[in-house]
Amino acid sequence: MASNKESPLARPRIESLDEYEVRISDEIRSYLKEMYAKHYLAQTDFYDMTTNSMKEEGQATNQTGLAYEMAEAHLARFQQNMKQPPRQTVLRRTLWKSYNQRRGDERDDSVVERLRDIMAEWVQQSGAADYIAPHVRVDDTLEEVITVDLVSKRCHDSEEPASLFRRCTPDPNRFPRIFTDWPTREKEQGWPMTHRSVVVDRLCGEAVLRGADIFVRGILVADAGIRSGEALAVYAHVGKESISRGMVLPLYSGHCVFLGMGTSCCDRAFFFSQSTGTGILMSALPWERAGPVLPPLNTMMEEGLYAQNLPSVLVGRILDPKPGDIIYDMCGAPGGKTSHLALLTNGQATIVTSDKSRSKVIAARSLFDKLGCSNSIYPLHIDATKCVQYDISVQTDVHTMLLEAKRSETDGLLQVSSFPPESFDKILLDPPCSALGLRPKLSIPQNRVKELLSFTEYQKRFIRTAVSLLRPQGVMTYSTCSTNALENESNVRYILDEFDFMELVPIHVDVGAPGLAGYGLDHRERHCCLRFDSFEENKGHTGTDDLMGFFIAKFRKTKPGISSLDREQQTS
């Protein structure tokens, strides 16, 4: 039995995932509540969209009160959804052969069958075969998409223990005590008496909730005496204070959330003496996880597959690329959407992808090589807010520019930094955003509204470049993984008002909800947009709203035109 001499007493704040409220600053929370209240208020019959005010003063109090109640409920769903991942794992085919054979008469299910075998083996090795069954299937509508659901085999009235969602420690009735003479550990600090414990950093904790095992570099704090093969209780640090990596557990006084249980792959010393390698394998048993059981994709990805969230997959489909198109993915790293465009065009389009970070471009190029789609993709190191050649006398087409461009002697990237106006048939614009829609997320890093506003101004710079680079009759998608209306609906309004040659195109998919009301879009324009959010009435692809927060709009350029402001800024 383990024992411990009394240490200097630290008083951590330990919460269950259920009671934990995602950390949002008061200013951001107030902003989001106002955003949703504005949406609900704008849908009443008494609201004047042109003046942004109530038509009849007498109705203002009742309608405003109801709108704020609905906004508060919406925000509560938003926070509840944010701390847990979607329960369905979504993968996308990357190989042209398997995709094209499925589209033809001869169906190729080899990738699916291999994935089924891998999932079945993982469930068996995890000791969960009697409790969960992996269901792997090809999506009925998006034929390149493969979904994985882990379905419980037990009846709801069975004696199977509940998940750890509402617990701060492992169930003490199911495990023997290993600490017998350490009274302050449980009573004053709140740590489990049945297991040694570790605390991982927030990003690692979010990855664990997505199904990942724990790499040693994510472990911050650990009990003394941990041995390889030992069952551990795992927590995520969610406090604002920084924690020195390697701290012993009794000295930890931060704020943490219980994630579940796992098995140590090594002794404690290895956690902090190494920077690579797996430190803890998380349990696949439903009652030993605080969140849903999801497969650890980092250790089981099969060749020909790429993990990509469902709303993100839709962007490439909505852009509708064709063989022979010249396409620009303006903010292409890490490369998921770019590789999807290559798949959809069977490698027969010219696809330019870029990023401001050279290291990200090189990493994306490696991904394209790994996925087998690099022959039609041209990764470039470009600042996409400054890449239009307005002052050229002779216009060269993009394909010729790429073929004639020299390569860098250091990393082999093509030395192309700009393009003539109206050079691209299709543009995929997914600019940097606040990422308020990503799940799971244990905190929102932005503390001030001005931080959210800074994204919208930055996004407008990409928009101005994009409309200048798009050819007449060309198509552009605008998307973000944010639920912030200023980054979404307001930017759609900006495009329509600023550029009379751009028009919204309806998106015909049976998923998502229309754009928010109250941000300048009329009924038709809102229903041309696609928003994924925590609406009660929003039914996603799986029949629920259990999807990432996301936004997509589609535009067509109706006649020649450029952004005069972009031209002025780039030529001055």
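Throughout, a residue's number is its position along its own chain's written sequence, starting from 1. Predicted model: local features are reported for residues with pLDDT of at least 70 only, side-chain atom pairs are reported and counted for 80 or more only, and whole-chain, interface and lining totals are derived from all residues. For the side-chain quantities, the full set of heavy atoms in the structure was used; hydrogens and water were omitted.

## Observations regarding unusual backbone geometry
Part 1 of the argument: A cis amide bond, omega 10°, links Ala333 with the succeeding residue Pro334.
Part 2 of the argument: Runs of H or I in DSSP of at least four residues are treated as helices and runs of E of at least two as strands, each being numbered from the N terminus. Locating Pro334 in the fold gives a position in the loop between strand 15 (326-329) and helix 9 (336-344).
Part 3 of the argument: Residue Pro440 follows Arg439 across a cis peptide bond; omega there is -10°.
Part 4 of the argument: Within the secondary structure, Pro440 is located in the loop between strand 18 (424-429) and helix 12 (449-469).
Part 5 of the argument: Its identity is not glycine, yet Asn346 carries a phi of approximately 55°, on the positive side.
Part 6 of the argument: You can see Asn346 is positioned in the loop between helix 9 and strand 16 (350-355).
Part 7 of the argument: The backbone phi angle of Glu422 is positive, close to 55°, even though this residue is not glycine.

## Comments concerning empty space enclosed by the protein
Part 1 of the argument: Both site types are read off a 1 Å grid over the protein atoms alone. A 1.4 Å probe that fits but cannot get out defines a cavity, while an open set with protein on both sides within 12 Å along at least five of seven lines defines a pocket; lining residues have an atom within 4 Å of a point. Grid points are joined across faces, edges and corners, and a volume is the space filled by probe spheres set on the points. Tallied over the full model, the rule gives four cavities of 30 Å³ or more.
Part 2 of the argument: Here the largest cavity is characterised by a volume of approximately 100 Å³.
Part 3 of the argument: Phe78, Arg439, Ser534, Leu547 and Gly549 are the residues nearest the centre of the largest cavity, which is lined by 14 residues in total.
Part 4 of the argument: The element that contributes the greatest number of residues to the lining of the largest cavity is helix 2 (residues 57-82), accounting for three residues.

## Here we look at the nonpolar core
Part 1 of the argument: Buried Ala, Val, Leu, Ile, Met, Phe, Trp, Tyr and Cys residues form a nonpolar core when they are joined through side-chain atoms within 4.5 Å. A simple rule labels every residue: compare its accessible area, found with a 1.4 Å probe on the protein chains alone, to the largest value its type can have, and call it buried under 20%, exposed over 50%, or partly exposed in between. Counting residues in hydrophobic clusters, the biggest one holds 62 residues, and the most contacted among them are Val198, Ile214, Phe271 and Ile280.
Part 2 of the argument: With eight residues, helix 1 (residues 26-42) is the single largest residue contributor to this core.
Part 3 of the argument: Those residues in contact with Val198 that lie beyond four places of it in its chain are Ile219, Val221, Ala222, Ile226, Leu232, Ala233, Val234, Tyr235, Phe271 and Ile280.
Part 4 of the argument: Val388, Ile463, Leu470 and Leu504 belong to the second largest nonpolar core, which has 44 residues in total. Contacts are assigned to residue pairs that have any heavy atoms within 4.5 Å of one another.

## Looking at the pairing of strand 7 (residues 196-200)
Part 1 of the argument: By the criterion of burial, strand 7 is predominantly enclosed, with five of the five residues buried.
Part 2 of the argument: Two strands make a pair as long as DSSP finds a minimum of two bridges between them. Bridging between strand 7 and strand 10 (residues 231-237) involves five bridges; their strand directions are parallel. The residue bridging Arg196 from the neighbouring strand is Leu232, located in strand 10.

## Remarks on the pairing of strand 10
Part 1 of the argument: Taking burial as the measure, the seven residues of strand 10 include six buried ones, the bulk of the element.
Part 2 of the argument: The sheet contact formed by strand 10 and strand 12 (residues 255-264) spans seven bridges and is antiparallel. Residue Leu232 lies in a different strand from strand 12, and its bridge partner there is Gly262.

## Observations concerning the sheet that holds strand 6 (residues 145-152)
Part 1 of the argument: As summarised here, the arrangement of the four strands in space is 5-6-4-14, forming an open sheet in which the pairing is antiparallel. The open sheet has two edge strands, strand 5 (132-138) and strand 14 (305-307), and neither has a second partner. Neighbour to neighbour, the strand axes of the sheet diverge by 30° on average, direction disregarded.
Part 2 of the argument: Pairing geometry for strand 4 (residues 89-93) and strand 6, over four bridges, is antiparallel. The residue bridging Val90 from the neighbouring strand is Thr147, located in strand 6.
Part 3 of the argument: With axes taken as lines fitted to C-alpha atoms, and helix axes fitted only over the stretch in contact, angles between N-to-C directions fall between 0 and 180 degrees. Lying on the sheet, helix 4 (residues 110-125) is in contact with strand 4, strand 5, strand 6 and strand 14; it crosses strand 5 at an angle near 170°.

## As for the environment of Glu15
Part 1 of the argument: You can see Glu15 is positioned in strand 1 (residues 13-15).
Part 2 of the argument: The class of Glu15 is buried, set by a relative accessible area of 10%.
Part 3 of the argument: Note: C-alpha distance between Glu15 and Val257 (242 residues apart in sequence) is 4.9 Å.
Part 4 of the argument: If we skip the residues at most four places from it in the chain, Glu15 touches Tyr20, Cys168, His255, Cys256, Val257 and Phe258.

## Here's the deal with the environment of Cys265
Part 1 of the argument: Residue position: Cys265 is located in the loop between strand 12 and helix 7 (268-273).
Part 2 of the argument: Residue Cys265 is classed as partly exposed on the basis of its relative accessible area of 32%.
Part 3 of the argument: Between the alpha carbons of Cys265 and Gly279 there is a distance of 5.2 Å; along the sequence they are 14 residues apart.

## As for the pattern of salt bridges
Part 1 of the argument: When a carboxyl oxygen of Asp or Glu is within 4 Å of a side-chain nitrogen of Lys or Arg, the pair counts as a salt bridge. All told, the structure shown has 27 salt bridges when counted by the stated rule.
Part 2 of the argument: Between Asp18 and Arg166 there is a salt bridge, with its nearest N and O atoms 3.6 Å apart. Residue Asp18 is found in the loop between strand 1 and helix 1, and its partner Arg166 is found in the loop between strand 6 and helix 5 (183-189); the two are separated by 148 residues along the sequence.
Part 3 of the argument: The class for Asp18 is partly exposed, based on a relative accessible area of 28%.
Part 4 of the argument: A salt bridge links Arg531 to Glu489, with the shortest nitrogen-to-oxygen separation between them at 2.8 Å. Of the two residues, Arg531 is situated in strand 21 (residues 530-532) and Glu489 in helix 13 (residues 489-498); the sequence distance between them amounts to 42 residues.
Part 5 of the argument: Using a relative accessible area of 0% as the deciding quantity, one classes Arg531 as buried.
Part 6 of the argument: According to the relative accessible area criterion, Glu489 is buried, its value standing at 0%.
Part 7 of the argument: Where salt bridges share partners, they join Arg29, Lys33 and Glu72 into one cluster.

## Things to note about the side chain of Asp566
Part 1 of the argument: Looking at the element boundaries, Asp566 is found in helix 15 (residues 564-571).
Part 2 of the argument: In this tally Asp and Glu are treated as negative and Lys and Arg as positive; neither His nor the chain ends contributes. Buried and without a salt bridge, Asp566 has Arg464 as its closest oppositely charged side chain, separated by 5.1 Å.
Part 3 of the argument: Here a polar contact is recorded for every N or O atom pair within 3.5 Å, except that within protein the pair must consist of a potential hydrogen donor and a potential acceptor, and residues adjacent in sequence are included only if both atoms are side-chain atoms. Among the polar contacts listed, one links the side chain of Asp566 to the side chain of Thr465, at a separation of 3.4 Å.
Part 4 of the argument: Other than its neighbours up to four places away in sequence, Asp566 contacts Thr385, Val388, Tyr390, Arg464, Thr465 and Ser468.

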